[in-house]
Amino acid sequence: MAALPVLALLLLAAWGGPRAAGQKRKEMVLSEKVNQLMEWASKRSVIRMNGDKFRRLVKAPPRNYSVIVMFTALQPHRQCVVCKQADEEYQILANSWRYSSAFTNKIFFAMVDFDEGSDVFQMLNMNSAPTFINFPAKGKPKRGDTYELQVRGFAAEQLARWVADRTDVNIRVIRPPNYAGPLMLGLLLAVIGGLVYLRGSNLDFLYNKNGWAFAALCFVLAMTSGQMWNHIRGPPYAHKNPHTGQVNYIHGSSQAQFVAETHIVLLFNGAVTLGMVLLHEAATSDMDVGKRKIMCIAGIGLVVVFFSWLLSVFRSKYHGYPYRYVFS
């Protein structure tokens, strides 16, 4: 009977030995992966990966860190303008994390270019770029781990909010200094100062109603076309279908827009405004009747054509909208 406890201890040791060895090996592999990623991150904020690196460091367990991966196509022959714009914002986000005081090995930023890792694209059944996916520390990516680029845009601030939501890592985005704004303000002040100096004591031009009206109109057109939304969200200029090559300048959803779309809307609104101005001048000016008729016809044509196109843009974004005017 005394031999039974000894036998039980021997069996426990025989069963626990391989398990402990396996756990130790797992910890060693994880330590090697983390050290490798930290070494690469110290040299470059965004780690470039091919198929082998992606499978070994992102897909294969063990892993106690999250990896944000940008799938892109940056080679010139791919002609992906959006990829280049998104890459600039992604680099800003990764640099903000790499050089922050809170930097840890909890999260890494990586990139897979199609020409360097086409097998990864095939493995994930991915047919569009750019695409951002969060590979969490545990388990497989869920639906929310794929970034909604068309809705949120690719601004670094928007990406940072998404990263915080998926990983609980808050990144304060720090952009490199941009001197374009101060330079433009200085140029504007120099122009105004030069005009005041040249005109001397005659400052009647500051009371010119037409000048102020034109400036106010330009500001209103810029704001109503969505320029502020572009500045905040940083959407792509347009979208090119990777299968057909067709370029879409109007976003199909009412929750987002392209930069080209705001330019189109600004042009349409400006043309409608010009038409209304021509109609007003035709009705109130002292010109001869012939010129006033021409102005009236031109004004009606501008309003009818461009308002109809503007309504068509609205219909393409708000599906099911029942009203149209001239053009469908």
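For the structure, check the block above.
These figures come from a predicted structure and were not determined experimentally. (Residues numbered from 1 in each chain as written. Predicted model: local features only at pLDDT ≥ 70, side-chain atom pairs only at ≥ 80, totals over all residues. Heavy atoms only, no water.)

Participant: Talk me through empty space enclosed by the protein; I want residue IDs and the actual numbers.
Facilitator: Applying the stated criterion across every chain, the model contains one cavity of 30 Å³ or more. Volume-wise, the largest cavity comes out at about 40 Å³. Lining the largest cavity, in full, are A41, S45, A94, W97, R98, F103, I107, F108 and F109. For the lining of the largest cavity, the elements supplying multiple residues, two or more each, are α3 (81-98) and β3 (107-113). Its residues assigned to classes, the lining of the largest cavity shows seven nonpolar, one polar and one charged. (1 Å grid on protein atoms, 1.4 Å probe; cavity = no way out; pocket = protein on both sides within 12 Å on 5 of 7 lines; lining within 4 Å. Points joined across faces, edges and corners; volume = space filled by probe spheres on them. Helix = DSSP H or I, 4+ residues; strand = E, 2+ residues; numbered from the N terminus. Nonpolar A, V, L, I, M, F, W, Y, C, P; charged D, E, K, R; others polar.)

Participant: Provide a residue-level description of the packing of aromatic side chains, including the pertinent values.
Facilitator: One pass over the full model with this rule turns up 14 aromatic pairs. An angle of 90° between the planes, with centres 5.8 Å apart, marks the rings of F132 and Y147 as edge-to-face. Of this pair, F132 sits in strand β4 (residues 131-135) while Y147 sits in the loop between β4 and α5 (149-152), and the two are 15 residues apart along the sequence. Both residues of the pair, F132 and Y147, belong to the buried class. Through a chain of ring-to-ring contacts, three or more aromatic side chains come together here, namely F54, F71, F114, F121 and F135. One residue, K53, lies across the ring of W40, its end atom 4.6 Å from the ring centre. (Phe/Tyr/Trp six-rings, centres within 6.5 Å; stacked < 30°, edge-to-face > 60°. Buried < 20%, exposed > 50% of the residue type's maximum accessible area, 1.4 Å probe, protein only. Lys NZ or Arg CZ within 6 Å of the ring centre and 35° of its normal.)

Participant: If you had to explain the pairing of strand β2 (residues 66-72) to someone new, which residues and values would you point to?
Facilitator: Where burial is concerned, most of β2 is hidden: seven out of the seven residues are buried. Side-chain alternation along β2 places S66, I68, M70 and T72 on one buried face and V67, V69 and F71 on a second face that is also buried. Pairing analysis gives seven bridges linking β2 to β3, with the strands arranged parallel. Looking at the pairing, S66 lines up with I107 of β3. With respect to chirality, the unit in which β2 leads through α3 into the neighbouring parallel β3 is right-handed. Pairing of β2 with β4 involves five bridges; the strand directions are antiparallel. For F71, the partnering residue across the bridge sits in β4 and is T131. (Pairing = 2+ DSSP bridges. Right-handed = clockwise from strand over helix to strand, strands pointing away.)

Participant: Explain the pairing of β4 residue by residue, including any values.
Facilitator: Burial runs high along β4: five of the five residues are buried. Every second residue of β4 is oriented toward a common face, with T131, I133 and F135 on one face and F132 and N134 on the other, all of them buried.

Participant: Quick rundown of the environment of C80? Include the residues and the values.
Facilitator: You can see C80 is positioned in the loop between β2 and α3. For the pair formed by C80 and A129, sequence separation is 49 residues and the distance between their alpha carbons is 8.2 Å. Ignoring any residue separated from it by four or fewer positions in sequence, one finds C80 in contact with A73, A129 and P130. (Contact = heavy atoms within 4.5 Å.)

Participant: Got a sec to walk through the state of the cysteines? Specific residues and values, please.
Facilitator: Taken as a whole and judged by the stated rule, the model has one disulfide. Each sulfur in the disulfide pair C80 and C83 lies 2.1 Å from the other. The S-S bond linking C80 to C83 shows a torsion near 70°; that makes this disulfide right-handed. (Disulfide = S-S within 2.5 Å.)

Participant: With reference to specific residues and values, describe the sheet that holds β2.
Facilitator: Strand order in the open sheet made by the four strands is β1-β3-β2-β4, with mixed pairing throughout. Each end of this open sheet is capped by a strand with a single partner; those strands are β1 (46-48) and β4. Each adjacent strand pair in this sheet contributes to an overall mean axis angle of 30°, direction not counted. Against the sheet, α3 touches β1, β2, β3 and β4, its axis set at about 160° to β3. Sheet strands touched by helix α6 (residues 156-167): β2, β3 and β4. Its angle to β4, the strand with the most contacts, is close to 25°. (Axes fitted to C-alpha atoms, helices over the stretch in contact; angles between N-to-C directions.)

Participant: Run through unusual backbone geometry, naming residues and quoting values.
Facilitator: Residue P62 is bonded to the preceding P61 through a cis peptide linkage, with omega at 0°. Mapped onto the elements of the fold, P62 is located in the loop between α2 (51-59) and β2. The residue N125 is not glycine, and still its phi comes out positive at about 55°. Following the sequence through the fold, N125 ends up in the loop between α4 (118-123) and β4. A relative accessible area of 71% means that N125 is categorised as exposed.

Participant: Mind laying out α2, listing which residues take part and the relevant values?
Facilitator: Three or more residues of α2 are buried, namely G51, F54, L57 and V58. An end-on view of α2 places all buried positions within 155° of arc, on one side of the element. Where α2 begins, the capping side chain belongs to N50, and its oxygen is found 3.3 Å from the backbone nitrogen of D52. (Arc of directions from axis to C-beta. Polar contact = N/O pair within 3.5 Å; in protein donor to acceptor, adjacent residues only side chain to side chain.)

Participant: How would you summarise α3 if you had to cite specific residues and measurements?
Facilitator: For α3, built from 18 residues, the straight-helix expectation of 26 Å at 1.5 Å per residue is met to within 8% by its first-to-last C-alpha distance of 26 Å. Within α3, the full set of buried residues consists of V82, C83, A86, D87, E89, Y90, I92, L93, A94, S96, W97 and R98. (Expected span 1.5 Å × (residues − 1).)

Participant: If you had to explain the pattern of salt bridges to someone new, which residues and values would you point to?
Facilitator: Summed over the entire model, instances satisfying the criterion amount to nine salt bridges. For D119, the salt bridge identified is with R55, shortest N-O distance 3.1 Å. One end of the pair, D119, is in helix α4; the other, R55, is in helix α2, and 64 residues separate them in sequence. (Salt bridge = Lys/Arg side-chain N within 4 Å of Asp/Glu carboxyl O.)

Shape is all these values report; function is a separate question.
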